[in-house]
Amino acid sequence: MKTNRLSHIALLATFTTIAPFALGVEEAAPKSTPAETEKLTKPGIVAGSLTTTIQDSVTFSTLTKALVAAGLDVTLGSKGAYTIFAPTDEAFDKLPVGILGKLMLPENKEVLRSLLLYHVVAGNVLAADLKDGEVKTMNGEKVKIKIDGKDIHVDNAKVFSADVTANNGVMHSVGTVLMPTTMKDFSSLTK
């Protein structure tokens, strides 16, 4: 009796697993949120890129918003080879009060763009490739690299998570927003 009951249960489990496919019924696709749909369908952004890697991390929500506001999400989401020293949300929180809000205004887009490009270097530069000295960023200015044993500093900001790879480059996390010399006082911001 027990054997017969167990075989009915096994048969029922098999049928419910196979039945939708045998009957041509497709399972409902998982629903995605509008933000997830936008990420996957925004023209020019490639899955697995630096942009999607940054978007997928809760640590970089401010950077994600800043990249979109500056129009750099498509650049870092396209084919190419980039290295980004990515400031965390905590790094943006260290900016003077009110500066981040001003940076995100449409009239300050070019200032924000320049600031963010100061965090980007052309090419795929892994931590092992970094050496003491200066490296030209994509905003035209240079960042200072200092290697101290296993520690890497970029303009005195410590890299605490290195070599997060994407299909179009590499990301190194920093806990401070890097400041180009042309922007130290934010006097170029409007409003």
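Residues numbered from 1 in each chain as written. Predicted model: local features only at pLDDT ≥ 70, side-chain atom pairs only at ≥ 80, totals over all residues. Heavy atoms only, no water.

Caption draft 1: The arrangement of helix α8 (residues 109–117) in detail. Among the residues of α8, those classed as buried are Val111, Leu112, Leu115, Leu116 and Leu117. In this structure, the buried residues of α8 make contact with α4 (61–70), α5 (72–75), α6 (89–93), α7 (99–103) and β2 (120–122). (Buried < 20%, exposed > 50% of the residue type's maximum accessible area, 1.4 Å probe, protein only. Helix = DSSP H or I, 4+ residues; strand = E, 2+ residues; numbered from the N terminus. Contact = heavy atoms within 4.5 Å.)

Caption draft 2: Representation of the sheet that holds strand β6 (residues 157–166) in the model. The strand order across the open sheet built from 7 strands is β2-β1-β7-β6-β5-β4-β3, with neighbouring strands paired in mixed fashion. Every other strand in the sheet has two partners, leaving β2 and β3 (133–136) as the edge strands with one partner each. Direction aside, the axes of adjacent strands within the sheet are offset by 35 degrees on average. Across 5 bridges, the pairing between β6 and strand β7 (residues 169–174) is antiparallel. Within β7, the residue paired with Val164 across the bridge is Met171. (Pairing = 2+ DSSP bridges. Axes fitted to C-alpha atoms, helices over the stretch in contact; angles between N-to-C directions.)

Caption draft 3: Representation of the confidence of the model for the protein in the model. Looking at the protein as a whole, its pLDDT mean stands at 82, while 77% of the residues score no less than 70. Taken element by element, the predicted model of the protein shows its lowest mean pLDDT in helix α1 (residues 2–22) (43) and its highest in strand β1 (residues 82–87) (98). Every residue in residues 6–41 is under pLDDT 50, and counting partners more than four places away or in other chains gives 7 contacts. (pLDDT = per-residue confidence, 0-100.)

Caption draft 4: Representation of the pattern of salt bridges. Evaluation of the coordinates by the stated rule reveals 2 salt bridges. When the shortest N-O distance is used, the salt bridge between Lys146 and Asp132 registers 4.0 Å. Taken together, the positions of Lys146 in strand β4 (residues 142–148) and Asp132 in the loop between β2 and β3 put the pair 14 residues apart, joining distant regions of the chain. Judged by its relative accessible area of 43%, Lys146 falls in the partly exposed class. Overall, Asp132 belongs to the partly exposed group, its relative accessible area being 49%. (Salt bridge = Lys/Arg side-chain N within 4 Å of Asp/Glu carboxyl O.)

Caption draft 5: Fine view of the packing of α4 against α8. In the contact formed by α4 and α8, the axes pass within 9 Å of each other and the chain directions differ by 125 degrees. Relative to α8, the element α4 lies oblique. Handedness of the α4/α8 crossing: left-handed. Two secondary-structure elements touch here, α4 through Leu63, Ala66, Leu67, Ala69 and Ala70 and α8 through Lys109, Leu112, Arg113 and Leu116. (Parallel < 35°, antiparallel > 145°, perpendicular 65-115°, else oblique. Left-handed = near helix turned anticlockwise from the far one by under 90°.)

Caption draft 6: Examining the pairing of strand β5 (residues 151–154) more closely. On β5, burial follows the alternation: Ile152 and Val154 on one face are buried, whereas Asp151 and His153 on the facing-out side are not. Direction of pairing for β4 relative to β5: antiparallel, over a ladder of 4 bridges. Residue pairing for β5: Ile147 is matched across the bridge by Ile152. Counting the residues between successive antiparallel strands, the hairpin from β5 to β6 contains 2 residues, one of them, Asp155, with a positive phi of roughly 50 degrees.

Caption draft 7: Focus on the nonpolar core. Core analysis: the largest hydrophobic core is formed by 30 residues, its most contacted members being Leu63, Ile84, Leu103, Leu116 and Phe186. Secondary-structure elements contributing two or more residues to this core are α3 (50–55), α4, β1, α6, α7 and α8. The leading source of residues in this core is α8, at 5 residues. Apart from the residues within four sequence positions on either side, Leu103 is in contact with Leu95, Asn108, Val111, Leu112, Leu115, Phe186 and Leu189. Residues Phe85, Tyr118, Ala127 and Ile152 belong to the second largest nonpolar core, which totals 14 residues. (Core = buried A, V, L, I, M, F, W, Y, C linked by side-chain atoms within 4.5 Å.)

Caption draft 8: Region of interest: the environment of Leu126. Positionally, Leu126 belongs in the loop between β2 and β3. Looking at Leu126, the relative accessible area reads 32%, which means it is partly exposed. Taking the C-alpha atoms as reference points, Leu126 and Thr165, separated by 39 residues in sequence, lie 8.8 Å from one another. Beyond its immediate sequence surroundings of up to four residues, Leu126 is in contact with Asp163, Thr165, Val170 and His172.

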